[in-house]
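Tertiary structure, described
Listed here are the chains, written in short residue letters.
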Amino acid sequence: MEKKDIYILAIESSCDETAAAVVKNGREVLSNVISSQIELHTIYGGVVPEIASRKHIEKINQVIEQALEEASVDFEKIDAIAVTYGPGLVGALLVGVSAAKALAFALNKPLIGVHHIEGHISANYIENRELKPPFLCLVVSGGHSHLVQVKDYGEYEIIGRTRDDAAGEAFDKVARAIGLGYPGGPKIDKLSKEGNPEAIHFPRAKVGESEYDFSFSGLKSSVLNYINGCQMKNQPICPADVAASFQKAVIDVLVDHSMQAVKEYGVKQFAIAGGVASNGHLRQAVKEGCEKNHVEFYYPSPIYCTDNAAMIGCAAYYEFIKGNFHDYDLNAVPNLKLGERV
Ligand code: KG4
Ligand code: ZN
């Protein structure tokens, strides 16, 4: 008998993107609608949770309708409703979770809550149909910096994490200090192309206990001190050199830890995920590291690196085939742990 195709409608609203997507059989993206709030938050220099929640409420139905329309499917054809239920901003998460619960109840379809980071990792499945666990994944976003061992679908072990700021957070803070505005990652990425990454030496932090843990707050302070020092001495700063040197310091640490883990865990495949994974210099440096260590390198297109709902639909598919569904009491869990099901 021919296998039935599975269509998942996925919703993501954990931060400042209201997104919905339709994903077929876990890896085929039929639509991927993203309504970004970046412009609204830019004037405040970062995401304002209250504004984010309000905007999600305004946009969510529109985005869902558009996702169905672009995928040319109707509610009847959908097999399950998936939604990010953590981690993230609680008010923002609640909008997506409430919409997903309402739809699942009204349509009498299964409901699947997805961990946001699991979504980011699963973004790698979209364009790499051959990729299957086990593999190692570096997840670097605005809120997270994790080195994750993906043992199987839905089975994860975090082997390294940030002790303080996430990599994306450091990009955003440094960008603000050199007057680039929010979100800083893409702006530093662009400006650094005109700068010299060797111009200023910023520290590469070593963290005690776990050799795979990260720390970016010292680096961020060191950049701020450098800028203050120049201002006090009335010396002009070259923003492109600061951007390039800072970015190199972040990437050196990320690649160094990643490749050490590749060697120790003896993996054959390595992937990157999250907003910072769209950074051109990081992608190139990880690619070179993987080639040197003879491991296959996987990375999502930039649109699947930053927040989107297609990645949530991919992750949900593997829960769907295991029959792992949530009840209508599913709640937003702002500090949800990876691998934990609440
Ligand atoms: O994954 P994401 O969209 O949201 C979170 O889950 O946090 O990541 C957003 C983060 C922001 O900090 C942004 O500055 C950073 O990803 N980012 C980048 C680039 N594009 C986005 N960082 C460095 N280079 C980029 N090209
Ligand atoms: Zn994210």
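These numbers were taken from a predicted model, which means no experiment stands behind them.

Accessible area lost during the coming together of the parts is what is often quoted as the interface size. Domains assigned within the chain are domain 1 (7-123 + 305-322) and domain 2 (133-300). Relative to domain 2, the C-alpha centre of domain 1 lies at a distance of 27 Å. Listed per partner, the contact involves 19 residues of domain 1 and 20 residues of domain 2. The junction of domain 1 with domain 2 conceals about 1600 Å² of combined surface from both sides, 71% of it contributed by carbon and sulfur atoms. For domain 1, the biggest contributors to the area lost against domain 2 are Ile 117, Ile 121 and Cys 305; these three give 39% of the whole. Counting across the domain 1 and domain 2 interface gives zero salt bridges. Viewed at the interface, domain 2 and domain 1 are joined by six residue pairs in polar contact (both at pLDDT 80 or more). When residues of the side of domain 1 that touches domain 2 are assigned to their parent elements, the largest contribution, six residues, is made by helix H4 (residues 116-127). Taken together, the residues that form the side of domain 1 that touches domain 2 break down as eight nonpolar, six polar and five charged.

A few words on the site of ligand 1. Close to ligand 1 lie 20 residues; Gly 142, Asp 172, Gly 185, Asp 189 and Gly 275 are nearest. A distance of 3.0 Å separates an oxygen atom of ligand 1 from a polar atom in the backbone of Asp 307. Calculation on ligand 1 without its partners gives an accessible area of 550 Å², and the protein chains cover 89% of this total. Among the cavities detected, the one that contains ligand 1 is the largest pocket. Elements represented by at least two residues in the shell around ligand 1 include exactly H4, helix H5 (167-177) and helix H6 (184-191). Looking at the shell around ligand 1 element by element, the count peaks at four residues for H6. Among the residues forming the shell around ligand 1, the class breakdown is four nonpolar, 13 polar and three charged.

Once that is clear, we can look at the layout of surface pockets. One number sums up the size of the largest pocket: a volume of about 1000 Å³. Of all elements in the fold, only H4, H5 and H6 reach the threshold of two or more residues within the lining of the largest pocket. With six residues, the single largest contributor to the lining of the largest pocket is H5. Tallied by class, residues from the lining of the largest pocket come to 12 nonpolar, 16 polar and eight charged.

Another point: helix H3 (residues 90-107). Here H3 spans 25 Å end to end across 18 residues, near enough to the 26 Å set by a 1.5 Å rise per residue. Listed in full, the buried residues belonging to H3 are Ala 92, Leu 93, Val 95, Gly 96, Val 97, Ala 99, Ala 100, Leu 103 and Ala 104. Elements in contact with the buried residues of H3: strand E1 (7-12), helix H2 (49-71), strand E4 (80-86) and strand E5 (111-115).

Here the focus is the coordination of the zinc ion (ligand 2). Within the protein, the atoms that donate to the zinc ion (ligand 2) are His 116 (NE2), His 120 (NE2) and Asp 307 (OD), at distances of 2.0 to 2.1 Å. Sequence positions of the residues that donate to the zinc ion (ligand 2) give the spacing H-x3-H-x186-D. In this pair, His 120 is assigned in helix H4 and Asp 307 in the loop between helix H10 (302-305) and helix H11 (310-320), connecting sequence segments 187 residues apart. The buried category is assigned to His 120, whose relative accessible area is 1%. Residue classification places Asp 307 among the buried positions, given a relative accessible area of 12%.

What counts and how
Residues numbered from 1 in each chain as written. Chains lettered and ligands numbered in written order. Predicted model: local features only at pLDDT ≥ 70, side-chain atom pairs only at ≥ 80, totals over all residues. Heavy atoms only, no water. Domains from an automatic or database assignment. Contact = heavy atoms within 4.5 Å. Buried area = accessible area lost by both parts, 1.4 Å probe. Salt bridge = Lys/Arg side-chain N within 4 Å of Asp/Glu carboxyl O. Polar contact = N/O pair within 3.5 Å; in protein donor to acceptor, adjacent residues only side chain to side chain. Helix = DSSP H or I, 4+ residues; strand = E, 2+ residues; numbered from the N terminus. Nonpolar A, V, L, I, M, F, W, Y, C, P; charged D, E, K, R; others polar. Near = heavy atom within 4 Å. Areas by Shrake-Rupley, 256 points an atom, 1.4 Å probe, with all protein chains shown as cover. 1 Å grid on protein atoms, 1.4 Å probe; cavity = no way out; pocket = protein on both sides within 12 Å on 5 of 7 lines; lining within 4 Å. Sits in = over half its atoms within 2 Å of the grid points. Points joined across faces, edges and corners; volume = space filled by probe spheres on them. Expected span 1.5 Å × (residues − 1). Buried < 20%, exposed > 50% of the residue type's maximum accessible area, 1.4 Å probe, protein only. Donors = N, O, S within 2.8 Å, 3.2 Å for Na, K, Ca; no water.

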